Every structure is written in structure tokens, then in C-alpha cells.
Amino acid sequence: MTRLSISTAITMLALGVMTQASGLCDKDLKVSTQSDLDTIKSCKLFGGTITIDSSPAGELALSGVEEITGGLLMSGNTALRTFQAPDLAKVKGELRIVNHTVLGKLQLPKLVEARKLMLSVLPALEQIEFSAGLSQVDEAHIEDTHAPSVSGFKPEQLRSFTLISNNYLRQFDFSSVKDVMGSLHVASNGNGLDFQAKQLMSVQTGDFRHVAQLDLSALNRVTGDIMFHENNFSQLQLDQLESIKGSLTIANNNQLTLTSFHHLGKVGGAFSVGNNTLLTAIDGFPSLAEVDGTVDIAGNLESYALPALEDVRGGMRLQTTSSKLACSDLEKKMKGEGKNVVKGETWSCGASLAEEQLQPTLGQDSPAPAGGFNMVGAPGGGSSGSFSGAKGFANEKGKQGAVGGEMTSLALDLNPAMGWALLATGSAVMFGL
Ligand SMILES: *[C@@H]1O[C@H](CO)[C@@H](O)[C@H](O)[C@H]1NC(C)=O
Ligand SMILES: *[C@@H]1O[C@H](CO)[C@@H](O)[C@H](O)[C@H]1NC(C)=O
Ligand SMILES: *[C@@H]1O[C@H](CO)[C@@H](O)[C@H](O)[C@H]1NC(C)=O
């Protein structure tokens, strides 16, 4: 603060601005009317936080201020239709614009930096545009807006990113981003969403739902879990991906016909593929050698090919409605003479099962990440509790072990004494229980 005050003072002296303003430029400001904002017009650098939360104004403009060292926090201004900050380039704290039911125009033409960006519950906002290119953001959360697209989103690196419940959103250009150090959540936007993340190389956790087109073609490392639920794309291609430290879940994608993960060698948690109605083959994983959790596969699968798989430390379960897949062949490969691919004790394979007999695979029922105001200020900036890191049976004895994560009902669903044994009641072939 001291350093900032000094630099403020120096800046202002250099510009010949009256020192009378310097006190005003350095303390937090609570705004109700335009004249409150006008008192800081001469503050190019504003050394505090500006809060606008019960203003009756229909229009507000924050002019003159180029940088805010604290936050700009706006919420619940029920009459506000237009807000503009024509000179604002940097917000070193949080830029928070939430709960404005009639805000239709938001103009931030010079904004290039905001440590945390929170846009939420803005049902009248039809355009989100950062014309100068928002290139520095740590955490971004965009939820429940009316915008069909967002333009000028240009960071290379982010700590977390959440894009949820923007029902009109058709396209999001995430292609500037190379690294997400925490979580990346994209869910429940307009069903036709095209999410382009073509330069993204690493992410900690990824959760993609209700996406119609997804480009993750450069993704190389996932340091936590990654899941794909209820998407509408027909192909899932992540051919640069080499390792997933947590679990991989591909579930309930009813248009999916092709998976392609050519370089994926290791999954540190569970490998779970379930209820992708049109997916008839488990293939596209030619390099997958090691799965430290459970291999859990269910659907209408006619063929199975995990040719490089030589070490499954958890159990394995395969359930298919097809009669084309021979469980006896699979057993020979995985558990036969001299083979000890599956180390966990739990092993089951069922073919010709009826649809209703299929047990949900690990993570198939996991709820979408929570959105809303409670996300704000969550420790670590957004990784919600729904990422349990469920690894299924991760240890050699086939006991439930959610390594490195809390135990959740996901793992409990797989109680071998109950869930898995149900398979025996169908025309399933069972081994090793
Ligand atoms: C939204 O703003 C209105 C009006 O100020 C307030 O009554 C309401 O509680 C706010 N809702 C949330 C979720 O903050
Ligand atoms: C989902 O994909 C199918 C097949 O490509 C298409 O017919 C349908 O319109 C898509 N649905 C949405 C909501 O985009
Ligand atoms: C299978 O996925 C579809 C969506 O693709 C979903 O509607 C259905 O509920 C899922 N079935 C189960 C048993 O989860």
C-alpha cells in the first residue's frame, strides 16, 4: 500500500493533478449515484475497492480511472441498464458484476487485466466483449448470462475457469489459453456450444458437459480428473494426451461414436466408459499400458481392444448388452495363464445383458459442478466438491480405496458384495468373485 500511495502521489504530481484528490484516490469507495463516481474522475490509479451494490441509477459511468488496485464489486443494482468504464485497463483484485436483472450494456473497452473475473446472473446481458483483449486473468467465472458469444477473451494461463448456464451461448473461443492450473468447468450452456481450446496443453481437472463441439487437440497433461458427460459431439479426439493423473470418465454421451487417445499411456485413477449409446467399440487407446484404479466399462459394446494394457492395479468390470463380445476371450487376456494384467481381486464380465441390468459405471452419475454465488471465494478458487477423484478399487486387495480423494457415493456404488454381484443374475459370465 505504501508503495502504491507513493507511486500514486508521484504520478499525480507529475501530471500536475491537485493533491487534494489524492486522499480520495486511496480509500475504498461505496457508490450510489453518478456523482459518487465523479469524485474519483481524476484518479487514474485508484488505490482501493469500489463497491456499487444498492444504486438506484439506470446508468453509471466510471470515467478517468485506468487502474484499480482493489476490486470493482457490483451487485444487485436493480435499475442499472448500462455500465461503462471507458478508461479502465486493470483491476488488480476482483471484477465482480453479479445479479443485475436489467443490465443490458456493459462496456469495458480498455480492459486487459482482472485478477478475478466474475460475471453471474446477468439475464439481460446480450454482449460480452473485451475489445482491448482481456489477456491477464487468474480466475474467470461466467454464469447465467444471455450472451450468444464472448469476444476478446485472451489469457494464456488461468488458475480456474467456469462457464455454466449461459443458455444462449453458441461459441466460446478459449484458444488463447495454454494452461489451466486448476479446474476447467464447462456445463449446461446452450446445447449447441462450440468450445474451442485448441492450444490448451495442460489442465488440472476438466469437466465438460452439454457441449456440441469440443477442440482439445493439443491437450497433453491432465494432473487430476477429466470427465465428459452428456455431450452432443460424435468424436472425442485427444491424440496429444499422454497421461491423466486422476480418473477418466466418458459417460452418457449419446452421439459419441469414436474415441481417439493415441498417446495416452497411463491413467492414475479409474478408466470409466459408460452409457454412450452409439459407442460400439472400446478402441482408440492403442498406447494405454497402465490404469492404477478400476477399469469400468459398460454399454452396447461389440468389441474391446486395449492392446497395450498390461497393468490394471484395481479391478475390472465390463458390461455389455451385445452378444458379440466374448467374455471368455477377455478373461484369457486379462486373467489367463501367466497373465496378471488385472491385479485387483474384483473381476467381472457380462455380455448379452439387458439395458436395465447395466450398473452405472464409476462417475456416471456424478452431479454437475455446483454453480452460483457459493463458488465465490471457495478455497483454491473453484474446484468444487464434485471432483472426488474417485479411483474405484485402487489397491491390490480390491478393497475400496479412494486414493487421494474423499470417498463418495460413486465409489460406494461399486461395493463388490452388492453392485457387482447383481451381474450374476443376468446371463452374465462371472469370474473370480
Ligand atoms: C439480487 O439483488 C436483489 C436486489 O438487490 C436482492 O434482493 C437479491 O437478494 C439478490 N440476489 C442474490 C442471489 O444476491
Ligand atoms: C445433437 O447432435 C445431433 C446429431 O449430430 C443433432 O441432430 C442435434 O441437433 C444435436 N443437438 C443439439 C442440441 O445440438
Ligand atoms: C444414459 O445417457 C442418457 C443421455 O445420453 C441419459 O438420458 C440416460 O439417463 C442415461 N442412462 C443412465 C442409466 O444413466
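Residues numbered from 1 in each chain as written. Chains lettered and ligands numbered in written order. Predicted model: local features only at pLDDT ≥ 70, side-chain atom pairs only at ≥ 80, totals over all residues.

An unreviewed UniProt entry lists the protein under the name Receptor L-domain domain-containing protein, with Absidia glauca as the source organism. Quoted verbatim from the Subcellular location (unreviewed entry) field of the UniProt record, the comment on the protein reads "Secreted, Cell wall". (UniProt positions renumbered as here; feature names shortened; annotations may be inferred.)

Moving on: the overall build of the protein. Broken down by element type, the protein carries 4 helices and 36 strands. Across the 433 residues of the protein, 45% fall into the buried class. (Helix = DSSP H or I, 4+ residues; strand = E, 2+ residues; numbered from the N terminus. Buried ≥ 20, exposed ≤ 12 C-beta atoms within 10 Å, placed from the backbone.)

To continue, consider the site of ligand 2. Around ligand 2, the neighbouring residues are Asn191, Gly192, Ala212, Asn232 and Gln255. Taken together, the residues of the shell around ligand 2 break down into 1 nonpolar, 4 polar and no charged. (Near = placed C-beta within 6 Å. Nonpolar A, V, L, I, M, F, W, Y, C, P; charged D, E, K, R; others polar.)

When helix H3 (residues 327-335) is considered as a whole, its buried residues turn out to be Leu330, Glu331 and Met334. Take H3 and look down its axis: the buried residues cluster within an arc of 100°, on one side only. Structural note: H3 exposes Ser328, Asp329 and Lys332 on the side pointing more than 90 degrees away from its buried face. The elements touched by buried residues of H3 are strand S32 (303-304), strand S34 (316-320) and strand S35 (347-350). (Arc of directions from axis to C-beta. Contact = placed C-beta atoms within 7 Å.)

A separate point is the sheet that holds strand S4 (residues 59-61). Taken in spatial order, the 3 strands line up as S4-S7-S9 in an open sheet, and their pairing is parallel. Two strands close off the open sheet at either side, each with one partner strand: S4 and strand S9 (105-107). Pairs of neighbouring strands in the sheet enclose a mean axial angle of 0°, with direction left out of account. Bridge count for S4 against strand S7 (residues 82-84) is 3 bridges, and the pairing is parallel. Residue pairing for S7: Glu59 is matched across the bridge by Thr82. (Pairing = 2+ DSSP bridges. Axes fitted to C-alpha atoms, helices over the stretch in contact; angles between N-to-C directions.)

Strands sit in the order S11-S13-S16-S18-S20 across an open sheet of 5 strands; the sheet is parallel. Looking along the sheet, the strands with just one partner apiece sit at the ends: strand S11 (128-134) and strand S20 (213-215). Within the sheet, the average angular offset between the axes of one strand and its neighbour, ignoring direction, is 10°.

Moving on, we get to the nonpolar core. Grouped together as the largest cluster of nonpolar side chains are 108 residues, with contacts concentrated most on Phe195 and Leu200. Broken down by element, this core gets its largest block of residues, 6 residues, from strand S10 (residues 113-122). Not counting the four nearest positions on each side in its chain, Leu200 is found in contact with Phe174, Val177, Lys178, Val180, Leu216, Ala218 and Leu219. (Core = buried A, V, L, I, M, F, W, Y, C linked by C-beta atoms within 7 Å.)

This next bit is on unusual backbone geometry. Of note, the phi angle at Asp144 is positive, near 55°, even though the residue is not glycine. Judged by local crowding, Asp144 falls into the partly exposed class, with 19 C-beta atoms found within 10 Å. One non-glycine residue, Ser188, lies in the positive phi region at around 60°. By secondary structure assignment, the location of Ser188 is in the loop between strand S17 (179-187) and strand S18 (194-196).

Inspection of the secondary structure puts Ile244 in strand S24 (residues 243-244). Here the alpha-carbon distance between Ile244 and Thr223, two residues 21 residues apart in the chain, equals 6.0 Å. Not counting chain neighbours up to four residues away, the residues in contact with Ile244 comprise Val222, Ile226, Val267 and Gly268.

With that out of the way, let us pick up the pairing of S17. Each regular strand displays side chains that alternate between the two surfaces of the sheet. Judged from the 2 bridges that link them, strand S14 (residues 157-158) and S17 form a sheet pairing that is parallel. Among the inter-strand pairings, Leu158 is bridged to a residue of S17, identified as Val180. Bridge count between strand S15 (residues 160-164) and S17: 4 bridges; the pairing is parallel. For Phe161, the partnering residue across the bridge sits in S17 and is Leu184. With 6 bridges joining them, S17 and strand S19 (residues 202-209) adopt parallel strand pairing. Counterpart to Ser183 in the pairing with S19 is Thr205.

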